[in-house]
Amino acid sequence: MTRPHAYVVVLCALMLASCLLLAQQNAPTPQFNTQGIPPPPGSPTPTPARMTFFVTSVGLGKGGNLGGLAGADAHCQTLAAAVGAGGKTWHAYLSTQARPGRPAVNARERIGTGPWFNWSFAQLGQPQNAVISGDLGELHGDTLVQAQRGSNLFKQSARNEHGKLINGIGDTPPIQHEILTGSKWDGRAYTDDADHTCNNWTSNSRGSAQVGHSDRIGNGSSWNSSNATKGCSQADLESTGGAGLFYCFAIN
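### What to know about the environment of Cys198
Its location among the elements puts Cys198 in helix α5 (residues 198-201). Residue Cys198 is classed as buried on the basis of its relative accessible area, which comes to 0%. Once the C-alpha coordinates of Cys198 and Ser208 are considered, the two residues, ten residues apart in sequence, prove to be 5.1 Å apart. Apart from residues lying up to four places away in sequence, Cys198 is in contact with Gly64, Ser203, Ser208, Ala209 and Cys232.

This is how it looks when you write it as structure tokens:
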């Protein structure tokens, strides 16, 4: 190759590189959400693909009879799959009490280790509104410092799988902030003789269930252990501000 031809080749290469760099600088910035995941093609909204927590948008309609833990987990999985998050394994945040031949199950021991994020992940308000918790200790206030700081699960972060808030105190009825857990504040099962789990989530008549308040208003303002329901029927749950909803966490 002659020297003039070499100069031409080099000049063309430099011009091409400059054009590519200019095009890259002038290109519109990709609309990623704060999880680093682009929205689905043609969608103006962030993808919920990395959602790892939600409150069920609907219950099973059978009061405290959720079909046991297996039925509740299946409900979480179905709702998650409907919004594109079915690739994860979902468990309901529910405890069960000991029965002859069957040990108790603690809700905190069946939801993985975190961290957990809601659907919006900082798209609707400040970033802290999307982070539920970094780990189990933070979620339950295991240490004095964690207990004083409090969980980041409150009304603005306790959203359903569609990113919607749960109706709480002060909102237009129906109020649905009573969330089934069957758990104590530390996320563990009750050990007394009373029924705190609607017979381990199989009864829609006799018994009672411990609930938390998703808006953390009233009766101790606990997200997972505020008060007991009047009974286990759907009407009983609705009469005190519930709807048979529960928390779902991705364990992976």
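From this point, things continue past the structure.
### Remarks on the pattern of salt bridges
Using the criterion set out here, one finds four salt bridges in the structure. Of the charged contacts, one joins Arg110 and Asp73 as a salt bridge, the two residues approaching to 2.8 Å between their closest N and O atoms. You can see Arg110 sitting in the loop between β2 (90-92) and β3 (116-117) and its partner Asp73 sitting in helix α2 (residues 68-82), a full 37 residues away along the chain. For the pair formed by Arg110 and Asp73, the shared burial category is buried. In this structure, Asp186 and Arg188 form a salt bridge, with 3.4 Å as the shortest nitrogen-oxygen distance. Residue Asp186 is classed as partly exposed on the basis of its relative accessible area of 26%.

### Considering the nonpolar core
By size, the foremost hydrophobic cluster in this structure holds 42 residues, and its most contacted members are Trp90, Leu94, Leu180, Phe246 and Tyr247. Secondary structure elements with two or more residues in this core: β1 (53-55), α2, β2, α3 (136-140), β5 (178-180), α5 and β8 (242-250). At seven residues, the largest contribution of residues to this core is made by β8. For Leu94, the contacting residues outside a window of four places in its chain are Leu66, Leu69, Ala72, Asn106, Ala107, Arg110, Leu180, Thr181, Trp201 and Phe246.

### Here's the deal with the pairing of strand β6 (residues 210-213)
On β6, burial covers both faces: Gln210 and Gly212 on one face and Val211 and His213 on the other are all buried. Here β5 runs beside β6; their pairing, made up of three bridges, is antiparallel. Within the sheet, the bridge partner assigned to Ile179 lies in β6 and is Gly212. Sheet topology note: the β6/strand β7 (residues 227-228) ladder contains two bridges and is antiparallel. Pairing of Gln210 across the sheet is with Ala228, part of β7.

### Some thoughts on the packing of aromatic side chains
Tallied over the full model, the rule gives eight aromatic pairs. A ring pair is formed by Tyr93 and Trp223, whose centres lie 5.0 Å apart and whose planes are at 50 degrees; its orientation type is tilted. Here Trp223 lies in the loop between β6 and β7 and Tyr93 lies in the loop between β2 and β3, a separation of 130 residues in the sequence. A network of ring pairs unites the aromatic residues Phe53, Tyr93, Trp116, Trp223, Tyr247 and Phe249 as a single cluster.

### What about the confidence of the model for the protein chain?
When pLDDT is averaged along the protein chain, the result is 83; 77% of the residues meet or exceed 70. Low confidence marks residues 8-12, where pLDDT is under 50. Its contacts with residues over four positions away, or in another chain, come to one contact. Scored below 50 in pLDDT, residues 16-38 makes 17 contacts in the model with residues more than four places away or belonging to other chains.

### Let's talk about unusual backbone geometry
Going from Gly114 to Pro115, the amide bond is cis rather than trans, its omega being 0 degrees. Along the polypeptide, Pro115 turns up in the loop between β2 and β3. The omega torsion of the bond from Pro173 to Pro174 falls at 10 degrees, within 30 degrees of zero and hence cis. By the element assignment, Pro174 lies in the loop between α4 (144-149) and β5. Although it is not a glycine, Asn199 sits at a positive phi angle of roughly 55 degrees. Following the sequence through the fold, Asn199 ends up in helix α5.

### Looking at α2
A rise of 1.5 Å per residue sets the reference length of α2, with its 15 residues, at 21 Å; its end C-alpha atoms lie 22 Å apart and thus fit the reference within 8%. The set of residues buried in α2 consists of Gly68, Leu69, Ala72, Asp73, His75, Cys76, Leu79 and Ala80. Against β1, β2, α5 and β8 lie the buried residues of α2. Looking at the residues trailing α2, positive phi occurs at Gly84, about 85 degrees.

Reading the values: the criteria
- Residues numbered from 1 in each chain as written.
- Predicted model: local features only at pLDDT ≥ 70, side-chain atom pairs only at ≥ 80, totals over all residues.
- Heavy atoms only, no water.
- Helix = DSSP H or I, 4+ residues; strand = E, 2+ residues; numbered from the N terminus.
- Buried < 20%, exposed > 50% of the residue type's maximum accessible area, 1.4 Å probe, protein only.
- Contact = heavy atoms within 4.5 Å.
- Salt bridge = Lys/Arg side-chain N within 4 Å of Asp/Glu carboxyl O.
- Core = buried A, V, L, I, M, F, W, Y, C linked by side-chain atoms within 4.5 Å.
- Pairing = 2+ DSSP bridges.
- Phe/Tyr/Trp six-rings, centres within 6.5 Å; stacked < 30°, edge-to-face > 60°.
- pLDDT = per-residue confidence, 0-100.
- Expected span 1.5 Å × (residues − 1).

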